[in-house]
Amino acid sequence: MTQDELKQAVARAALDYIKPKIDEESVIGIGTGSTANYFIDYLAEIKAQVNATVASSQASADRLKSHGIPVFDLNTVDEITVYVDGADEVDPSLALIKGGGAALTREKIVAAVAKEFVCIADGSKFVDQLGNFPLPVEVIPMARSYVARQLVKLGGDPVYREGVVTDNGNIILDVYNFMIPGPRITEQKINDIVGVVSNGIFARRPADILLLATAEGVKQIKAQ
């Protein structure tokens, strides 16, 4: 199977996974990225059952609306029933690296509100230790150089992602050559740097379940 076929397979599995959880009170959180896009397209098949969604990016909100699926502002809902999103990397504890699409802060907010976080990914994203994928850090523009120097002190090689502005009006530093043996501690250390809005480690609020597409089918994995 190609990587696109694996993404489609896991997106379809996610739809089957959440169907029993949907009722008239449900709010579905929707992530950002290529795998999430497939999920949105499949969700359109049951849009008559979907009363409310919350999107983690403007791009996902626009895609949902193009299918006629209702999108709510997060401030108007109390709780998200289930949040479905992809990942750039995921480890056996279901800690993640996210932010390849520059939506990490909003994704973290939606994940924090969700009762259940379902991560959908193809097998190439499952790793023993986070860090091969460059870690995205969302930064207030005036703090870019300062934050970069602090990230160097932590052992990384930050690179400004040129031409990218987040939905929040900020910039992204991608930290290369930065393996992460302790995701929870590293997440907090980076968040403590003045000028950092958020970083792409999802360890303090990891996924609850991983749907992982492999050549042998989609596997359900819970945190170890």
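What counts, and at which threshold
- Residues numbered from 1 in each chain as written.
- Predicted model: local features only at pLDDT ≥ 70, side-chain atom pairs only at ≥ 80, totals over all residues.
- Heavy atoms only, no water.
- Axes fitted to C-alpha atoms, helices over the stretch in contact; angles between N-to-C directions.
- Helix = DSSP H or I, 4+ residues; strand = E, 2+ residues; numbered from the N terminus.
- Parallel < 35°, antiparallel > 145°, perpendicular 65-115°, else oblique.
- Left-handed = near helix turned anticlockwise from the far one by under 90°.
- Contact = heavy atoms within 4.5 Å.
- Nonpolar A, V, L, I, M, F, W, Y, C, P; charged D, E, K, R; others polar.
- Buried < 20%, exposed > 50% of the residue type's maximum accessible area, 1.4 Å probe, protein only.
- Pairing = 2+ DSSP bridges.
- 1 Å grid on protein atoms, 1.4 Å probe; cavity = no way out; pocket = protein on both sides within 12 Å on 5 of 7 lines; lining within 4 Å.
- Points joined across faces, edges and corners; volume = space filled by probe spheres on them.
- Expected span 1.5 Å × (residues − 1).

A. Main features of the packing of helix H2 (residues 34-43) against helix H3 (residues 58-66). Two elements in contact, H2 and H3, have axes separated by 9 Å at closest approach and are oriented at 20°. By the angle between their directions, the pair H2 and H3 is classed as roughly parallel. Crossing handedness for the pair H2 and H3: right-handed. Contacts from Asn37, Ile40, Asp41 and Leu43 of H2 reach H3 at Ser60, Arg63 and Leu64. In terms of residue class, the contact of H2 with H3 is made up of three nonpolar, two polar and two charged.

B. Expanded view of the environment of valine 84. Structurally, valine 84 is set in strand E3 (residues 82-85). A relative accessible area of 1% means that valine 84 is categorised as buried. Not counting residues up to four positions away in its chain, the partners in contact with valine 84 are Ala14, Ile18, Gly29, Ile30, Gly31, Phe39, Val118 and Ile120.

C. Inspection of the sheet that holds strand E11 (residues 201-202) at higher detail. Taken together, the three strands give an open sheet; going across it, the order is E4-E5-E11, and neighbouring strands pair in antiparallel fashion. Looking at strand neighbours, the two that pair on one side only are strand E4 (89-90) and E11, the edges of this open sheet. Taken together, the two bridges between E4 and strand E5 (residues 96-97) define a ladder with antiparallel strand orientation. By the bridge assignment for E5, glutamate 89 is matched with isoleucine 97.

D. Here's a closer look at empty space enclosed by the protein. In this structure the tally under the stated criterion is one cavity of 30 Å³ or more. Lining the largest cavity we find Ala102, Ala103, Leu104, Thr105, Arg106, Glu138, Thr166, Asp167 and Asn168. Residues that form the lining of the largest cavity fall into these classes: three nonpolar, three polar and three charged.

E. Just the layout of surface pockets, in detail. Looking at the largest pocket, its volume works out to about 310 Å³. Around the largest pocket, the lining is made up of 14 residues, and of these Val54, Ala55, Asp73, Leu74 and Arg106 lie nearest the centre. Looking at the lining of the largest pocket, the elements with two or more residues in it are strand E2 (53-55), H3 and helix H4 (104-113). The leading source of residues in the lining of the largest pocket is H4, at three residues. A class-by-class count of the residues in the lining of the largest pocket yields eight nonpolar, four polar and two charged. As a volume, the second largest pocket reaches approximately 230 Å³. Lining the second largest pocket are 20 residues, with Thr32, Gly33, Ser34, Ala87 and Asp88 positioned closest to its centre. Secondary structure elements with two or more residues in the lining of the second largest pocket: helix H1 (3-18), H2 and H4. With three residues, H2 is the single largest residue contributor to the lining of the second largest pocket. Among the residues forming the lining of the second largest pocket, the class breakdown is five nonpolar, nine polar and six charged.

F. Just H1, in detail. Here H1 is 16 residues long and its end C-alpha atoms lie 23 Å apart, about the 22 Å a rise of 1.5 Å per residue gives. Along H1, the positions that sit buried rather than exposed are Leu6, Lys7, Val10, Ala11, Ala14, Leu15, Tyr17 and Ile18. On its buried side, H1 packs onto strand E1 (28-30), H2, E3, strand E6 (117-122), strand E12 (209-214) and strand E13 (217-222).

G. The arrangement of the sheet that holds E12 in detail. Ordered by their spatial adjacency, six strands build an open sheet running E2-E1-E3-E6-E12-E13, and the pairing between neighbours is mixed. In the strand order of this sheet, the two ends are held by E2 and E13, each with one partner. The mean inter-strand angle of the sheet, taken between neighbouring strand axes irrespective of direction, is 20°. Pairing between E12 and E13: six bridges, direction antiparallel. By the bridge assignment, leucine 212 is partnered in E13 with lysine 219. This element, H4, spans E1, E2, E3 and E6 of the sheet and lies at about 150° to E3.

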